[in-house]
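A look at the structure
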Amino acid sequence: MKLLITGINGFVGRNLVEDLSSKHEIYGLDITSCELPGVIATFGWDEIENFKSLSFDVIIHLAGKAHDVKKNAKPEEYFEINTGLTKNIFDFFRESRVSRFIFFSSVKAAADYVPGDTLTEDISPRPVGPYGESKIAAENYIMDNLNDFPESFKSKYVYILRPCMIHGPGNKGNLNLLFSILKKGIPWPLGAYENRRSFTSIENLKYIIDGLVEKKVETGIYNVADDEALSTNELVRAICEAIGKKCLIIKCPKKLIKFAALLGDKLCLPINTERLEKLTENYVVSNNKLKKALKIESMPVSALQGIERTVKSL
């Protein structure tokens, strides 16, 4: 098939190219055009008219503005990119003969905090902040226009994916911060927090995209996550084991930790209230709907295997 991937130069885009280029023709769309191994051509956003004459089978829309934990981004930037750009690409899809559209949203479009034990697709979305709000606005635009296709294009498939934190080789994020702390032999001070959190390994994500590209899966919204949720303490043990370091977990008083995070907000330290929240909150995501749609019983890589592979790449 002929695939168009937006945001192709990003972490997920490069990994998808690595997986898909041996089976499909890959084209890219990103901030600037550049040559990538396995990609026939990459267009800049200012060249968007140039690729409209090409006939694609699948659009994978990754391009977006990531959550800025430093809070330097203006709210309108999220809506301009995450909502406005998605509208433009989806409108192109509607008017073209492209048969499949895969949009990368986020679990944060559904909920900033998980009410109850597990997040499912049945939740009434209540995002907090411009990142999640801009993503749900894009989702709503897609869903509102699903029934507006010409009769001859009723065979189109549309997938809105809500992944939780994606990790793998080349990824930059909170997992890297945790790795850098443990690599130095620094004891982990948050042992008092018994939380559980879902992750998405890049290996499982590539497997999912393979399925959505090649199978006839029902149009819909799907959470994306590994099968198992991990506590941060389990994550710390897995990282220490992967790098051959002694695991030192200390149960510092929560009040002391919160004070240190507040101090980090003021002094721009690596640990701040938002990072503390990310590392200690419960955020368990169900992937049952997606597995049922793909007709599989489990993801190919366990959560611990995925963490181990990411850590070894670091």
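Scroll up a little and you will see the structure.
For every chain, the first residue of the written sequence is number 1, and numbering continues from 1 onward in sequence order. In keeping with the model being predicted, local features are shown solely for residues with a pLDDT of at least 70 and side-chain atom pairs are shown and tallied solely at 80 or more, while totals for entire chains, interfaces and linings include all residues. Based on all heavy atoms of the structure, the side-chain values leave hydrogens and waters out of the count.

1. Concerning the side chain of Ser134
Mapped onto the elements of the fold, Ser134 is located in helix H4 (residues 130-144). Only heavy atoms enter the contact rule, under which two residues are in contact if any of them lie within 4.5 Å. Contact partners of Ser134, with chain neighbours within four places excluded, come to Tyr78, Phe79, Asn82 and Thr83. Comment: elements are numbered from the N terminus, with helices defined as DSSP H or I runs of at least four residues and strands as E runs of at least two.

2. Quick word on the nonpolar core
Only buried residues count toward a nonpolar core, which is a set of Ala, Val, Leu, Ile, Met, Phe, Trp, Tyr and Cys residues joined through side-chain atoms within 4.5 Å. Relative accessible area decides the class of each residue, using a 1.4 Å probe on protein chains only: under 20% of the type maximum gives buried, over 50% gives exposed, and in between gives partly exposed. Membership of the largest hydrophobic core comes to 32 residues, with the highest contact counts inside it found for Val12, Ile60, Ile102, Phe104, Leu161 and Ile209. Looking at this core, the elements that each hand over two or more residues are strand E1 (2-6), helix H1 (11-20), strand E4 (58-61), strand E5 (100-104), strand E6 (157-163), helix H6 (202-214), strand E9 (220-224) and helix H10 (288-294). The element best represented in this core is H6, accounting for 6 residues. For Val12, the contacting residues outside a window of four places in its chain are Leu62, Phe104, Ile166, Ile202 and Leu205.

3. Observations regarding the layout of surface pockets
Buriedness for pockets is judged along seven lines, at least five of which must meet protein on both sides within 12 Å for an open set on the 1 Å grid over protein atoms alone, while cavities are sets there where a 1.4 Å probe fits but cannot get out, and lining residues have an atom within 4 Å of a point. Grid points are joined across faces, edges and corners, and a volume is the space filled by probe spheres set on the points. One number sums up the size of the largest pocket: a volume of about 1,400 Å³. Together, 42 residues line the largest pocket, and Ala66, His67, Tyr131, Ile166 and Asn171 are the ones closest to its centre. Counting only elements with at least two residues in the lining of the largest pocket, the list comes to H1, helix H3 (75-95), H4, helix H5 (174-183), helix H7 (232-243) and helix H9 (273-280). Each residue gets one of three labels, nonpolar for Ala, Val, Leu, Ile, Met, Phe, Trp, Tyr, Cys and Pro, charged for Asp, Glu, Lys and Arg, and polar for the others, Gly among them. A breakdown of the residues in the lining of the largest pocket according to their chemical character gives 23 nonpolar, 12 polar and 7 charged.

4. Describing the environment of Pro163
With respect to the secondary-structure elements, Pro163 resides in strand E6. For Pro163, a relative accessible area of 8% corresponds to the buried category. Here the alpha-carbon distance between Pro163 and Phe199, two residues 36 residues apart in the chain, equals 8.3 Å. When neighbours within four sequence positions are excluded, Pro163 is seen to be in contact with Phe104, Ser105, Ser106, Val107 and Val224.

5. Quick notes on the pattern of salt bridges
What makes a salt bridge here is a side-chain nitrogen of Lys or Arg within 4 Å of a carboxyl oxygen of Asp or Glu, nothing more. Overall, the coordinates contain 13 salt bridges when judged by the stated rule. Lys206 is paired through a salt bridge with Glu18; the nearest N and O atoms lie 3.8 Å apart. You can see Lys206 sitting in helix H6 and its partner Glu18 sitting in helix H1, a full 188 residues away along the chain. Exposure remark for Glu18: the relative accessible area of 60% places this residue in the exposed category. Residue Asp227 pairs with Lys291 through a salt bridge whose shortest N-O separation is 3.1 Å. Placement of the pair is Asp227 in the loop between E9 and H7 and Lys291 in helix H10, with a sequence separation of 64 residues. A cluster of three or more residues bridged by salt bridges with shared partners is formed by Lys108, Asp112, Arg197 and Glu281.

6. Side note on empty space enclosed by the protein
The tally for this structure, following the rule as stated, stands at 2 cavities of 30 Å³ or more. For the largest cavity, the calculated volume is near 40 Å³. Every residue lining the largest cavity is listed: Leu182, Gly185, Ile186, Pro187, Trp188, Cys240, Lys245, Lys246 and Leu248. In this model, the second largest cavity occupies a volume close to 30 Å³. If you go around the second largest cavity, the residues you meet are His67, Lys108, Asp112, Val128, Tyr131 and Gly132. Of the residues belonging to the lining of the second largest cavity, the class tally is 2 nonpolar, 2 polar and 2 charged.

7. Here we look at the sheet that holds E9
The strands that make up a sheet pair up through hydrogen bonds in the backbone, lying either parallel or antiparallel. The strand order across the open sheet formed by 7 strands is E3-E2-E1-E4-E5-E6-E9, and the pairing between neighbours is parallel. This sheet does not close on itself; its edge strands, each paired only once, are strand E3 (41-44) and E9. Neighbouring strand axes in the sheet, compared pairwise and without regard to direction, differ in orientation by 20° on average. For two strands to be treated as a pair, DSSP must find no fewer than two bridges joining them. As defined by bridge partners, E4 adjoins E5 across 4 bridges and the pair is classed as parallel. Its bridge partner lying in E5, Val58 is registered against Arg100. In this analysis an axis means a line fitted to C-alpha atoms, helices contributing only their contacting stretch, and an angle means the value between N-to-C directions, from 0 to 180 degrees. Contacts from H6 reach E1, E4, E5, E6 and E9, with the element oriented near 155° to E5.

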